[in-house]
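# Reading the structure
Here's the letter readout for the chains.
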Amino acid sequence: MAMPADTNASGDIFGGWVLSQMDLAGGIAAGQRAIGRVVTIAVDKMKFIRPVHVGDVLCVYTEIMRVGNTSMEIKLEAWALRQRYGHREKVTEAIFTFVSVDEDGRPRPVPKEC
């Protein structure tokens, strides 16, 4: 839920807060697919469509678009559930790239799907 401490000078939720929530959701999806640790290496095509307001619930949805040898591209969409109970509006979208890494932080292959 977006809280007053997360606002910018205009009173809207700070874009960096939204980005961090998306990074968390993308990291969960990538980590599940990699069956291990992942790191974010790029954010592409970030597009803010509508503001997020205090009291909105941010819902983030993920879709794995591409899996390479060590990296994955994940499309993320963030939707705001207005004032916790209202209608939903798409507020931003982006493509995040994650790399699967070993315990020493070196790239490791993403396991093949079973």
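Looking up the protein in an unreviewed UniProt entry gives the name Acyl-CoA thioesterase, with the organism given as Roseibium aggregatum. Regarding the protein, the relevant UniProt record gives this comment under Sequence similarities (unreviewed entry): "Belongs to the acyl coenzyme A hydrolase family."

## With respect to the sheet that holds strand E3 (residues 71-81)
Pairing is antiparallel in the open sheet, where four strands are placed in the order E1-E4-E3-E2. Across the chains shown, the open sheet's two edge strands, defined by having one partner strand only, are strand E1 (38-48) and strand E2 (57-67). Averaged over all adjacent pairs, the angle separating strand axes in this sheet is 25°, with direction ignored. Note that E1 and strand E4 (residues 88-100) share eight bridges and pair antiparallel.

## Section: the environment of Val101
Along the chain, Val101 falls in the segment after E4. Using a relative accessible area of 4% as the deciding quantity, one classes Val101 as buried. In this structure, the C-alpha to C-alpha distance between Val101 and Ile35, residues 66 residues apart in sequence, is 10 Å. The contact partners of Val101, leaving out residues within four places of it in the chain, are Arg37, Val38, Val39, Arg106, Pro107 and Arg108.

Rules of the game
Residues numbered from 1 in each chain as written. Predicted model: local features only at pLDDT ≥ 70, side-chain atom pairs only at ≥ 80, totals over all residues. Heavy atoms only, no water. UniProt positions renumbered as here; feature names shortened; annotations may be inferred. Pairing = 2+ DSSP bridges. Helix = DSSP H or I, 4+ residues; strand = E, 2+ residues; numbered from the N terminus. Axes fitted to C-alpha atoms, helices over the stretch in contact; angles between N-to-C directions. Buried < 20%, exposed > 50% of the residue type's maximum accessible area, 1.4 Å probe, protein only. Contact = heavy atoms within 4.5 Å.

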